[in-house]
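# Inside the fold
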Amino acid sequence: MRMRNFSSGMLMLAVMWIGAAQATNTPQEEANKKLVRDFYTALDDAQVEGKIRDKITGIIEKYIAVDYIQHQEGGKQGRAGMLETVRSMPDTQPPPGVPNPMAQRATLVAIMAEGDRVIQVTSRTMPDPATGGTKPVYIWNMFRIEKGMLAEHWDSAMPSSMRQPSAPPPASNN
């Protein structure tokens, strides 16, 4: 019995040690992940409330570096360029009966940090022109953080014309 308790105790210690070894983010990396999550929460809140145009200036000033670098094709550079891009987006509504993807919060699939970079994967339910229904679209965003601000951005979305995965990615533990 004593050996069994000892073995069980050792197993528990090993499991706890492995769990601690997997939690490898530094405090700065955790802060960087929080910055990205807070930015997207602010955007989602404003979009869901229908007040993105009213709130976008404050959101961008709070999170985006003045010399922000946008790697999206055709993307405008700097904080002013991002603000111009968002303000110029048309207010489009989907056809009746199709949910407005921007009136819902994005679902966090995963968020990872390494050094000054954070990658976030989200999904949104988007209209599917092929079926007239909807389907999930997965969106990848990567930021470089500098001095507590989002300084550089890369992104990609799996367009509705591309084959979607047969199953969603695994859920995040964050």
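Note that the structure is a prediction, hence the values are computed from the model and not measured. (Residues numbered from 1 in each chain as written. Predicted model: local features only at pLDDT ≥ 70, side-chain atom pairs only at ≥ 80, totals over all residues. Heavy atoms only, no water.)

The next point concerns the overall build of the protein chain. Along the backbone of the protein chain there are four helices and five strands. Counting from the amino terminus, the protein chain carries its helices and strands in the arrangement α-α-α-β-α-β-β-β-β. Residues counted as buried form 30% of the 174 residues belonging to the protein chain. When contacts within the protein chain are restricted to residue pairs at least 6 apart in sequence, long-range pairs at least 24 apart make up 52% of them. Entry remark: accessible area of the protein chain is about 11400 Å², with carbon and sulfur atoms responsible for 59%. (Helix = DSSP H or I, 4+ residues; strand = E, 2+ residues; numbered from the N terminus. Buried < 20%, exposed > 50% of the residue type's maximum accessible area, 1.4 Å probe, protein only. Contact = heavy atoms within 4.5 Å. Areas by Shrake-Rupley, 256 points an atom, 1.4 Å probe, with all protein chains shown as cover.)

This part takes up the packing of aromatic side chains. Enumeration according to the criterion identifies four aromatic pairs in this entry. Ring pairs connect the aromatic residues Phe39, Tyr40, Tyr63 and Phe143, which therefore count as one cluster. (Phe/Tyr/Trp six-rings, centres within 6.5 Å; stacked < 30°, edge-to-face > 60°.)

Assignment of secondary structure puts Arg37 in helix H2 (residues 27-48). Once the C-alpha coordinates of Arg37 and Ile111 are considered, the two residues, 74 residues apart in sequence, prove to be 8.6 Å apart. If sequence neighbours within four positions are ignored, Arg37 has contacts with Leu108, Ile111 and Gln120.

Since there are 3.6 residues in each turn of an α-helix, residues three or four apart along the chain are aligned in direction. Looking at helix H4 (residues 78-88), one finds that the buried residues are Gly78, Gly81, Met82, Leu83 and Val86. If you follow the buried residues of H4, they end up packed against H2, helix H3 (52-63) and strand E1 (64-70).

With that settled, the discussion passes to the pattern of salt bridges. Summed over the entire model, instances satisfying the criterion amount to eight salt bridges. Lys33 is the salt-bridge partner of Glu30, the closest N and O atoms lying 3.4 Å from each other. With a gap of three residues between them, Glu30 and Lys33 both fall in helix H2, about one helical turn apart. Measuring nitrogen to oxygen at the nearest pair gives 2.8 Å for the salt bridge that ties Asp44 to Arg124. (Salt bridge = Lys/Arg side-chain N within 4 Å of Asp/Glu carboxyl O.)

For the rest of this paragraph, the subject is the confidence of the model for the protein chain. Regions with low pLDDT carry predicted coordinates that are not meant to be interpreted in detail. When pLDDT is averaged across the protein chain, the result is 75; 68% of the residues are at 70 or more. Mean pLDDT in the protein chain bottoms out at helix H1 (residues 2-22), which sits at 47, and peaks at H2, which reaches 92. With pLDDT under 50 throughout, residues 1-15 is counted as low confidence; its partners more than four residues away or in other chains account for zero contacts. Every residue in residues 17-21 is under pLDDT 50, and counting partners more than four places away or in other chains gives zero contacts. (pLDDT = per-residue confidence, 0-100.)

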